[in-house]
Amino acid sequence: MSTTTPTRKLPKMRVDLRQYGILAALAVIVILFQVLTDGRLLLPGNLNNLIQQNAYVLILAVGMVIVIIAGHIDLSVGSVVAMVGAVAAISMSQWGMPWWAAVIISLLLGAAVGAWQGFWVAFVGIPAFIVTLAGMLLFRGLTLVFLTGGTINALPGEFNAIGGGWLPELFGTIGEGRGSRDILTIVLGVLAVAMLITQQVRSRAKQRSLELPVERSVSFWIKNGVAAVVILALTFQLSAYRGTPIILIILAVLILLFTFVLNQTVFGRHVYAIGGNLFAAQMSGVKTSWINFFVFVNMGVLAGLAGVVTTARAGGAVASAGQSFELDAIAAVFIGGAAVTGGVGTVIGAVIGALIMGVLNMGLSILSVDAAWQQTIKGLVLLLAVAFDVMSKRRAGRR
Amino acid sequence: MTAILSMNQITKDFSGGVRALDGVSLEVERGQVHAICGENGAGKSTLMKVLSGVYPVGSYGGSITFENHETAYRSINDSEADGIVIIHQELALSPYLSIAENIFLGNEIATRGVVDWPKTNREATMLLARVGLDELPSTPVLELGVGKQQLVEIAKALSKQVKLLILDEPTAALNDEDSAHLLDLINSLRGQGITCIIISHKLKEIRRIADTVTIIRDGQTIETFEMKEADATEARIIRAMVGRDLDSMFPPHTPDIGDELFRVENWTVHHPVDTTRKVVDDASFSVRAGEIVGFAGLMGAGRTELAMSIFGRSYGSHISGTAFKEGKEISVKSVSEAIGHGIAYATEDRKHFGLNLIGSIAVNVSAAALSKLSRFGIVDRFAENKVAEDYRGQMNIKTPNVSVLAGNLSGGNQQKVVLSKWMFSGPDILILDEPTRGIDVGAKYEIYGIINDLARQGKAVVVISSELPELLGLCDRIYAISEGTITGEIDRADATQERLMHLMTAGKD
């Protein structure tokens, strides 16, 4: 034993750079396309479309990351999106339901689908790959049955606004006509920054009062400063289009809610425990079957929500909706650093992964790159992102 | 008589300065059954891995002569080409392939890459007749019990023109009938001129089958003698196996024993797959408050199975028997029920059953008692970190902070995390399965200190261990278990390694 005297200074938390690796990748891709497109990528209209077009991936990725952390996969979400969209459209146009009732029905239907798949996975013990592959065929088939091959259009405006509408300009605008800015969007941006900083400072103070290690002040303030500037810049830009997309509020709530669920709740911790070591979780008294069941119920509800959003943005239900959405969501989760073997992953990582795919899509479209090449490039990005992750883990393991 | 094999002054070091073999010599006569005995960790399996080329030439010291030439095996293929075949305790058959396919796996009867099925099946049928296995060669291996799979392994060895067959604890996983059949088979192979090395803990078996026995302890050969000698008794084998000084490596412990806290009666457990086999047979035991009770048993004796089946039926099938806490019968049908009754089980297999290796220390420490740190399903992460930091200090877990991943810790520190996890669950009864396996001496001493502290706090502690000195140094009372049956109970004052080893190898007659 060495005879070092204990210092009063608390140990500092080491900053894990890998955690910021994919955030850096997103930044690089954004800057790259911003340059390549002569600044068109982040024009207010494009920024708005980026959010509204990719909302479905973000919603699905949030559910999918939980499924993947628990060590499963869900291939059925694309078909569930289509089926829920069909039922929502039928409930409004044929049964005469109000738009809010259609939303509730959609979420309940999603939950029922999740319970069905969760039952087979958690209690019968069939691998999720098989159960959800069956679900992919099953729910696509049911969609075709419900829509009898046709499409349903002319949905209520309030419903369509969920996917393609904006918050009202409550506080008016700065300026008139073209180039005017929505004040509410800017206010929301400032509010978001204020909440972020308050929460971070509070948490840091609590950590310090409990004598737990805290991050260095310099990196703490740089990190939060950068985040604040980015949020303000993006909302300022967005305000010049048509205000705050309604879906952006839904997404923000989902991301905050599920980050909280995964990090701060017993349920979330049990999900990580199951994915990290199923046997150790069982031997610690975790009710693994029920956790797996609710992971799928949750995925079902979010797929239902994605169904609402997709149908609302398209303004109608078609049987081919949601084609390959499951692959987009899975790709986003893996780009976001989740492990194929389970136990690792974050909501924020999945969101960044989805944004990387979204920015690639939009940037390549602005540059009018052929759709065939777009697919090719996205495939390579997925492969390289995961390869980077695997290799950096191997290096970390060798230490 | 001539020697078919002689191993001379074999030494083998592992990284970290561990010397597994320290000058072991072994002579095996042609056409004999040669038994190798020793405690767990004595170096028997390492010696066989050196012999079969699992550890390639150059990675060990000393020389090996087989059939009058010095060997230089670089892999297991080289030794098999020479006619040395090793059958491991964990069988290495492919479950979905047929018996015939398994026998000739990697050694297919084929012309220009096309398998000759009629010939394969004919040869397989002949081999199966030789080992006395009455099954069709086309039967998938997964339909066979462990005993029959063992015979398939031997048939596979015979197909390779085996001269020296090595069996590593062949009967450890077999029931009585299958064991008897296997021993008969080894006998008849001896008649066919095949030399056998058999590693076994079961002294009755050795007396029945072996011509010669070599005892290894702490990586050294203790003695070799012929079983037909007059003084070749079980007692002599046991003395040679355990004859080692009790190190003064245990912290002082003054027992303060209270009333009975936990009792198990008539506990019987069947194997989870082979449900006809009793893994634990009518076991009864009790532990009092403040008492440290040991379970001595060799590997495969049913110690872990007994503990895991009590801990929420984590092992086995058709479990019967009753558990009592403070005299009242309790139900322990699920892990959460067992934890609810204040039972904790720290597993022998930390990596597989004990820890989330990709989770932080904090996450692991709180894993069995998250409800204590949460309200309305929301975890207080600050409190969790505080708890984990407290245990880090108290248990002397050597790491800068509790956000370090459990997988990055040394064995000793991992074990301390496992113990912290169960201490935080606030148990009254702690079952510690091999608490010091794979841990260096310094950390062992610390863990013994922790176990003593737990007893001083009035908890009932059960320690399962293969190391007899550990049980003798730590426990107030020791149960011996052999082949699923509790064969004896000895107080600390009366316990010696020899007495325990007798009970541990007693078995059923």
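Cut-offs applied
Along every chain, residues carry numbers that run from 1 in the direction the sequence is written. Chains and ligands are labelled by the order in which they are written, letters from A for the one and numbers from 1 for the other. Given that this is a predicted model, residues contribute local features only at a pLDDT of at least 70 and side-chain atom pairs are listed and counted only at 80 or more, while totals for whole chains, interfaces and linings are drawn from all residues. Going along the chain from the N terminus, every DSSP run of H or I of four or more residues is numbered as a helix, and every run of E of two or more is numbered as a strand. When we talk radius of gyration, it's over C-alpha atoms, and the globule rule is simply 2.2 Å times the number of residues to the 0.38. Each residue is classed by its C-beta neighbour count within 10 Å, where at least 20 other C-beta atoms makes it buried, 12 or fewer makes it exposed, and intermediate counts make it partly exposed; the C-beta atoms are placed from backbone geometry. The nonpolar core criterion groups buried Ala, Val, Leu, Ile, Met, Phe, Trp, Tyr and Cys residues into a set whenever they are joined through C-beta atoms within 7 Å. For the purpose of contact definition, each residue receives a C-beta atom placed from its backbone, and two residues are in contact when these atoms lie within 7 Å. In this classification, the charged set is Asp, Glu, Lys and Arg, the nonpolar set is Ala, Val, Leu, Ile, Met, Phe, Trp, Tyr, Cys and Pro, and all remaining amino acids, among them Gly, are polar. Strands were regarded as paired on the criterion that DSSP finds at least two bridges between them. Between the N-to-C directions of two axes lies an angle of 0 to 180 degrees, each axis being a line fitted to C-alpha atoms and, for a helix, fitted only over the stretch in contact.

Caption draft 1: Fine view of the overall build of chain A. In terms of helices and strands, chain A carries 15 helices and two strands. In summary, chain A has a C-alpha radius of gyration of 22 Å against a globular reference of 21 Å for 399 residues, a match within 12%. In terms of overall dimensions, chain A has a C-alpha envelope of 80 × 60 × 40 Å along the principal axes. For chain A, the proportion of its 399 residues judged to be buried stands at 40%.

Caption draft 2: Broad picture of the overall build of chain B. Per the secondary structure count, chain B includes 17 helices and 24 strands. Taking 2.2 N^0.38 as the reference for a compact globule, 509 residues should give roughly 23 Å; the C-alpha atoms of chain B span a radius of gyration of 25 Å, in line with that estimate. Across its three principal axes, chain B shows a C-alpha extent of roughly 70 × 50 × 45 Å. Relative to its 509 residues, chain B shows a buried fraction of 49%.

Caption draft 3: Quick look at the nonpolar core. Leu60(A), Ala61(A), Met64(A), Val65(A), Val333(A) and Ala350(A) are the most contacted members of the largest nonpolar core, which totals 251 residues. For Ala350(A), the contacting residues outside a window of four places in its chain are Ala61(A), Val62(A), Met64(A), Val65(A), Ala332(A), Val333(A), Gly336(A), Ala338(A) and Gly345(A).

Caption draft 4: Region of interest: the environment of Val461(B). All names here are of chain B. Note that Val461 resides in strand 22 (residues 460-465). Here Val461 falls in the buried class, since 26 other C-beta atoms lie within 10 Å of it. Discounting chain neighbours no more than four positions away, the residues touching Val461 are Ile292, Leu430, Leu432, Ile451, Leu454 and Ala455.

Caption draft 5: Fine view of the interface of chain B and chain A. The interface of chain B with chain A comprises 29 residues on the first partner and 24 residues on the second. Contributions of two or more residues to the side of chain B that touches chain A are made by helix 10 (335-340), helix 11 (350-354), strand 20 (378-379) and helix 13 (381-394) of chain B. Ranked by residue count, the leading element in the side of chain B that touches chain A is helix 13 of chain B, at five residues. Here the side of chain B that touches chain A is built from residues that sort into 14 nonpolar, 12 polar and three charged.

Caption draft 6: Local environment of unusual backbone geometry. Residues and elements named next belong to chain B. Even without glycine at this site, Asn68 takes up a positive phi of about 65°. Residue classification places Asn68 among the exposed positions, given that 9 C-beta atoms sit within 10 Å. Here the phi dihedral of Glu483 falls at roughly 45°; this positive angle occurs in a residue that is not glycine. The residue Glu483 is located in the loop between strand 23 (477-482) and strand 24 (485-491) in this model.

Caption draft 7: Highlighting the pairing of strand 4 (residues 61-66) of chain B. All names here are of chain B. As paired strands, strand 1 (residues 3-14) and strand 4 are joined by five bridges and run antiparallel to one another. Across the sheet, residue Met7 finds its bridge partner in strand 4, namely Ile64. Judged from the two bridges that link them, strand 4 and strand 5 (residues 69-70) form a sheet pairing that is antiparallel. Residue Phe66 lies in a different strand from strand 5, and its bridge partner there is His69. The hairpin turn running from strand 4 into strand 5, its antiparallel successor, is two residues long, and Glu67 in that turn takes a positive phi close to 50°.

Caption draft 8: Seen up close, the sheet that holds strand 17 (residues 328-330) of chain B. All names here are of chain B. Here we have four strands laid out as an open sheet, ordered 14-13-16-17, and antiparallel in their pairing. The open sheet has two edge strands with one neighbour each: strand 14 (278-288) and strand 17. Here the strands of the sheet are splayed against their neighbours by 15° on average, with no regard to which way each runs. One ladder, built from six bridges, connects strand 13 (residues 260-270) with strand 16 (residues 317-325); its direction is antiparallel. Looking across to strand 16, one finds that His270 is bridged to Ser317.

Caption draft 9: Looking closely at the sheet that holds strand 15 (residues 292-296) of chain B. Residues and elements named next belong to chain B. Read across the sheet, six strands follow the order 18-21-22-15-23-24 without closing on themselves; strand pairing throughout is mixed. A single partner strand is all that each edge strand has here, and the edge strands are strand 18 (343-346) and strand 24. The average undirected angle you get between the axes of adjacent strands in this sheet is 20°. Note that strand 18 and strand 21 (residues 429-433) share four bridges and pair parallel. When the sheet's bridge partners are listed, Tyr345 is paired in strand 21 with Ile431. Seen against the sheet, helix 17 (residues 497-504) touches strand 15, strand 23 and strand 24 and runs at an angle of roughly 35° to strand 23.

Caption draft 10: Focus on the environment of Glu234(B). Residues and elements named next belong to chain B. By the secondary structure assignment, Glu234 is in helix 8 (residues 234-242). On a C-alpha basis, the gap between Glu234 and Asp178 in space is 23 Å, while along the polypeptide they are 56 residues apart. Discounting chain neighbours no more than four positions away, the residues touching Glu234 are Leu203 and Arg207.

Caption draft 11: Molecular detail of the environment of Leu36(A). Residue and element names in this part refer to chain A. Relative to the helices and strands, Leu36 is located in helix 1 (residues 17-36). Overall, Leu36 belongs to the partly exposed group, with 14 C-beta atoms counted inside 10 Å. In contact with Leu36, not counting residues within four places along its chain, are Gly363 and Leu367.

It is worth stressing that arrangement in space is one thing and function is another; only the former is reported here.
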